[in-house]
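The primary structure of each chain is shown beneath.
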Amino acid sequence: MNFHELFAHFGDITVDGLTKGSIYALVALGYTLVYGVLKLINFAHSEVFMVGTWTVLGAYSLVGADEGSGVGILIIATVLGFLLAPLASAGTALAVERIAYRPLRRKNAPPLIFLITAIGCSLVLTETFGQALHAIFGPPFGRAAVSIPSLIPEKEWVNLSWIAISNTQILVIVAAIVMMVALDAFVNRSRLGRGVRAVAQDPDTAALMGVNQDRVIMLIFVLGGAMAGIAAMLYTIRYDITKFDIGFLIGVKAFTAAVLGGIGNLRGALVGGLVLGVVEVYSSTLFSSNWEDVTAFVVLVLVLMFRPTGILGESLAKARA
Amino acid sequence: MTLLELEDVVLNYGKIRALHGLTLSVDAGEVVALIGANGAGKTSTMRAISGVRGLHSGRIVFDGQDVTKLRADQRLRKGMCLAPEGRGIFPGMTVQENLDMGAYTRKDREAVASDFERVFTLFPRLLERRKQFAGTMSGGEQQMLAIGRSLMSRPRLLLLDEPSMGLAPMLIKQIFSIISEINQQGTTVLVVEQNAKQALSLADRAYVLETGSIVKSGTGAALLNDPSIREAYLGVA
């Protein structure tokens, strides 16, 4: 075990973990919102993220932005990525809800049917992207990873003896926290947010108060999707890559983060994401990167043994400022 | 003028028939009571009227409009509001937020503010507890909140499902006098009750429900003096 390495670079490693964790946390919001209202694990959410990453690439090529482009193009491309990725992801999430889940709700399908439908949607989206990208654009698109131009060159903004933080790390962490604070305020303070919490607590009574349940459900898919889209944009800025099945592992990790923090709890998603990100990088430094997933899930199991409802525990129904 | 009309309403839960062709009507300005024993179909009737549960057959007309096919949230917008049985408040929301939920569909901010005043005047207790989580309040307070919340939608028809359930006798009296006050302020009330004595004393008219059908109807006073009703529902031989 490499304790020396961990202690020598403790600051850098922690920041790296927080960066990773911020992305998990943003994706985790989608799982937690949908679970809080529908008690459904939306496995297709990982593909909502995946669609976002490809949209970023699409946005960049739309304006012809590349690593060597002028500052103007770079700014336009980045802004476009931050706009289009959440739009495309929210659209995908909404499409899955309208096409797959809503008809099942109309028929009062049992929870198991929703679960298998969610897994099915995830596979359909993954494989369709794998095939369609190849068919439409030809190589190198297809089942291989594709690199995304890194428009924001990495620079160290903080450089002290014990810690170094880069511009993209700051961007990822700050953007994630801003999005989460905004979402939290929306759910806890606004009228529509109150409607979301009402449906989460008691759907029948919410309807009796005039809340249109279908609209609330569409809203949570759109919100969760948009957060995954922002996460996708941040991910491509930080890691410069995408793949047709990139959603799978990130989806599993984000779902883990949601459960770790307390599924159904928005703030739990943040806590769970950050804890998971940090645990992963510590373990990959201590052992090796091959062990990071193992450690992550061992931690999950340990936490759930002592706190079965997750770190923060309460549900969206009860959560409040 | 007839505000609410149920025509031959049949409601099923799976294979179990809860309402067997129920017909009743409520005129504007009235207090109408629906009394009956446990399992007679009182709550099912309220669920049918408010739209929580769809009908197997029959028709519900509200304010001259057929609302049979409308969802619960659409019916609220037409001007009816149910305070559900077991109170049905949102436990994880504060008293204030629960009342806000009552006014969820309303855009007339000033009128909403004056309705807050009205609810807090009717239930001073709610004003004291404004910031408290509703789930931590006593049964009586939750009942007040449920009624207050329904009033926040400014309904023309207030539907109350067992407002006295689980309350101490003192509180029951208080709740019924508030219901009467609400009615005098111009809201039509349909109240479902097991506490037949209180309900019949309050009501202009009443229906007696047995196993999913109306078996008797009349003015509150007449039913209160009806020997068979006295025996079956008032515990007087």
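A word on the overall build of chain B. For chain B, the count of helices and strands is 10 helices and 10 strands. Against the 2.2 N^0.38 benchmark of 18 Å for 237 residues, chain B shows a C-alpha radius of gyration of 17 Å, consistent with a compact globule. C-alpha extents for chain B along the principal axes are approximately 45 × 40 × 35 Å. Across chain B, the fraction of contacts at a sequence separation of at least 24, relative to all contacts at a separation of at least 6, is 69%. Roughly 10000 Å² of accessible area belongs to chain B as shown, and the carbon and sulfur atoms make up 49% of that amount. Taking the 28 positively charged and 25 negatively charged side chains of chain B as two groups, their mean positions are separated by 5 Å.

Okay, the overall build of chain A next. In terms of helices and strands, chain A carries 12 helices and 4 strands. Rg of the C-alpha trace for chain A: 20 Å, near the compact-globule value of 20 Å for 321 residues, within the 12% margin. Expressed along its principal axes, the backbone C-alpha trace of chain A runs to roughly 60 × 50 × 35 Å. Intrachain contacts of chain A at a sequence separation of at least 6 include 77% that bridge at least 24 residues. Accessible surface, chain A: about 13900 Å² in total, of which carbon and sulfur atoms supply 70%. One finds the centroid of the 21 positive side-chain charges in chain A at a distance of 14 Å from the centroid of its 20 negative side-chain charges.

Helical periodicity: at 3.6 residues per turn, an α-helix aligns residues three or four positions apart in one direction. Residue and element names in this part refer to chain A. Between the first and last C-alpha of helix α2 (residues 10-38) there are 40 Å, a value that for 29 residues agrees with the 42 Å anticipated at 1.5 Å per step. When the local axis directions of α2 are compared, the greatest deviation, roughly 25 degrees, occurs at Ala28. The element α2 is largely enclosed, with a buried count of 23 among its 29 residues. Downstream of α2 by one or two residues, Lys39 has phi in the positive range, about 55 degrees.

A separate point is the interface of chain A and chain B. Interfaces are often sized by the amount of accessible area the parts lose when they come together. Listed by partner, the interface residues are 21 residues for chain A and 26 residues for chain B. Between chain A and chain B the total buried area reaches about 2000 Å² when both faces are included, carbon and sulfur atoms providing 60% of it. The interface formed by chain A and chain B holds 3 salt bridges in total. Here Asp100 of chain B and Arg194 of chain A are joined by a salt bridge, their closest N and O atoms 3.7 Å apart. Listing elements by their share of the side of chain A that touches chain B, those giving two or more residues are α7 (191-201) and α8 (203-208) of chain A. Grouping the amino acids of the side of chain A that touches chain B by side-chain chemistry returns 8 nonpolar, 6 polar and 7 charged.

Turning next to the environment of Ala44 of chain A. All names here are of chain A. Here Ala44 shows up in the loop between α2 and α3 (45-62). As for Ala44 and Val174, which are separated by 130 residues in sequence, their C-alpha atoms are 27 Å apart. Ignoring anything within four residues of it in the chain, the contact list for Ala44 reads Val96, Tyr101, Ala118, Cys121 and Ser122.

Once that is clear, we can look at the packing of α3 of chain A against helix α5 (residues 111-137) of chain A. Residue and element names in this part refer to chain A. Two elements in contact, α3 and α5, have axes whose closest approach is 8 Å; the angle formed by their N-to-C orientations is 25 degrees. In terms of their interaxial angle, α3 and α5 are classed as roughly parallel. Between α3 and α5, the contacting residues are Ser46, Glu47, Met50, Val51 and Trp54 on the first element and Ser122, Leu125, Thr126, Phe129 and Leu133 on the second. For the contact of α3 with α5, the residue count by class is 6 nonpolar, 3 polar and 1 charged.

Once that is clear, we can look at a positive patch on the surface. A contiguous patch of positive charge, built from Arg191 and Arg215 of chain A together with Arg77 and Lys107 of chain B, is present on the exposed surface. Classification of Lys107 of chain B by relative accessible area gives exposed; the value is 66%.

In this section: the domain arrangement of chain B. Residue and element names in this part refer to chain B. As assigned here, chain B comprises domain 1 (1-79 + 157-171 + 186-237) and domain 2 (90-154). Of note, the centres of domain 1 and domain 2, computed from C-alpha atoms alone, are 24 Å apart. Listed as interface residues are 9 residues of domain 1 and, on the opposing side, 10 residues of domain 2. Counting each side, the surface lost to burial between domain 1 and domain 2 is near 730 Å², with a carbon and sulfur contribution of 72%. In this structure, the connection of domain 1 to domain 2 is made through 0 salt bridges. Elements represented by at least two residues in the side of domain 1 that touches domain 2 include exactly α2 (72-78) and β7 (157-161).

Residue and element names in this part refer to chain A. Structurally, Ile165 can be placed in strand β3 (residues 164-166). The class of Ile165 is buried, set by a relative accessible area of 18%. It is 8.5 Å that separates the C-alpha atoms of Ile165 and Lys155, two residues lying 10 residues apart in sequence. Sequence-distant contacts of Ile165, that is, excluding residues within four places in its chain, are made with Val15, Lys155, Glu156, Trp157, Val158 and Ile170.

The rules behind these values
Residues numbered from 1 in each chain as written. Chains lettered and ligands numbered in written order. Predicted model: local features only at pLDDT ≥ 70, side-chain atom pairs only at ≥ 80, totals over all residues. Heavy atoms only, no water. Helix = DSSP H or I, 4+ residues; strand = E, 2+ residues; numbered from the N terminus. Rg over C-alpha atoms; globule rule 2.2 N^0.38 Å. Contact = heavy atoms within 4.5 Å. Areas by Shrake-Rupley, 256 points an atom, 1.4 Å probe, with all protein chains shown as cover. Lys, Arg positive; Asp, Glu negative; His and termini not counted. Charge placed at Lys NZ, Arg CZ, Asp CG, Glu CD. Expected span 1.5 Å × (residues − 1). Bend = angle between axes of the 7 residues up to and from the residue. Buried < 20%, exposed > 50% of the residue type's maximum accessible area, 1.4 Å probe, protein only. Buried area = accessible area lost by both parts, 1.4 Å probe. Salt bridge = Lys/Arg side-chain N within 4 Å of Asp/Glu carboxyl O. Nonpolar A, V, L, I, M, F, W, Y, C, P; charged D, E, K, R; others polar. Axes fitted to C-alpha atoms, helices over the stretch in contact; angles between N-to-C directions. Parallel < 35°, antiparallel > 145°, perpendicular 65-115°, else oblique. Patch = residues over 30% accessible without salt bridge, like charges linked within 9 Å, V, L, I, M, F, W, Y side chains within 5 Å. Domains from an automatic or database assignment.

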